[in-house]
Amino acid sequence: MSRVGMSWSVATRTVQPLFIALGGLVTALAGLRTGIAVGAGVLLVTGALLPWRATADGARR
């Protein structure tokens, strides 16, 4: 459990600031509304990237 906690902590402290900087760069280059739209689009796409698992009857959940 401590390895998972440490991995989560390191990932949060490094990846989050990188994405904040990337969002600021997109907003500075393309404008506020476009930056917000790109961020919203990325959030919507992440839901499609989540792993699916099949149930016993073959249906996806």
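Quick caveat, the model's predicted, so the values are computed rather than measured.

### Here's the deal with the overall build of the protein
Within the protein, the regular secondary structure consists of two helices and zero strands. The buried share of the protein, taken over its 61 residues, is 2%. Accessible area for the protein stands at about 5,600 Å²; split by element, carbon and sulfur atoms hold 70% of it.

### Focus: the layout of surface pockets
Take a probe with the size of a water molecule and roll it over the atoms, and the empty space left behind shows itself. Roughly 230 Å³ of internal volume is contained in the largest pocket. F19, L22, G23, V26, T27, G35, V38, G39, V42 and L43 are the residues that line the largest pocket. Among the elements of the structure, α1 (2-30) and α2 (32-48) are those that each provide at least two residues to the lining of the largest pocket. Here the residues of the lining of the largest pocket are counted per class, giving six nonpolar, four polar and no charged.

### What about the UniProt feature "transmembrane region" (unreviewed entry) in the protein?
Feature annotation in UniProt places "transmembrane region" (unreviewed entry) on residues 20-52, given in this structure's numbering. Each end of residues 20-52 is marked by a C-alpha atom, and these two atoms are 28 Å apart; helix forms 85% of the span and strand 0%.

### As for α1
In a regular helix each residue adds 1.5 Å, so 29 residues correspond to 42 Å; α1 covers 41 Å between its end C-alpha atoms and thus fits that length. Taken as a whole, α1 carries its principal kink of about 25° at T12.

### A word on the packing of α1 against α2
To characterise two packed helices, one gives the angle between the axes of the helices and the distance between these axes. Where α1 contacts α2, the two axes come as close as 7 Å, and the packing angle between them is 140°. Classified by the angle their axes make, α1 and α2 are oblique. Crossing angle aside, the handedness with which α1 passes α2 is right-handed. Here V26, T27 and A30 of α1 lie close against α2, whose contacting residues are L32, T34, G35 and V38.

### Digging into a nonpolar patch on the surface
Nonpolar side chains collect at one region of the surface, where V15, F19, L22, L25 and L29 lie side by side and expose about 520 Å² of accessible area between them. Residue position: L29 is located in helix α1.

Calculation criteria
- Residues numbered from 1 in each chain as written.
- Predicted model: local features only at pLDDT ≥ 70, side-chain atom pairs only at ≥ 80, totals over all residues.
- Heavy atoms only, no water.
- Helix = DSSP H or I, 4+ residues; strand = E, 2+ residues; numbered from the N terminus.
- Buried < 20%, exposed > 50% of the residue type's maximum accessible area, 1.4 Å probe, protein only.
- Areas by Shrake-Rupley, 256 points an atom, 1.4 Å probe, with all protein chains shown as cover.
- 1 Å grid on protein atoms, 1.4 Å probe; cavity = no way out; pocket = protein on both sides within 12 Å on 5 of 7 lines; lining within 4 Å.
- Points joined across faces, edges and corners; volume = space filled by probe spheres on them.
- Nonpolar A, V, L, I, M, F, W, Y, C, P; charged D, E, K, R; others polar.
- UniProt positions renumbered as here; feature names shortened; annotations may be inferred.
- Expected span 1.5 Å × (residues − 1).
- Bend = angle between axes of the 7 residues up to and from the residue.
- Axes fitted to C-alpha atoms, helices over the stretch in contact; angles between N-to-C directions.
- Parallel < 35°, antiparallel > 145°, perpendicular 65-115°, else oblique.
- Left-handed = near helix turned anticlockwise from the far one by under 90°.
- Contact = heavy atoms within 4.5 Å.
- Patch = residues over 30% accessible without salt bridge, like charges linked within 9 Å, V, L, I, M, F, W, Y side chains within 5 Å.
- Salt bridge = Lys/Arg side-chain N within 4 Å of Asp/Glu carboxyl O.

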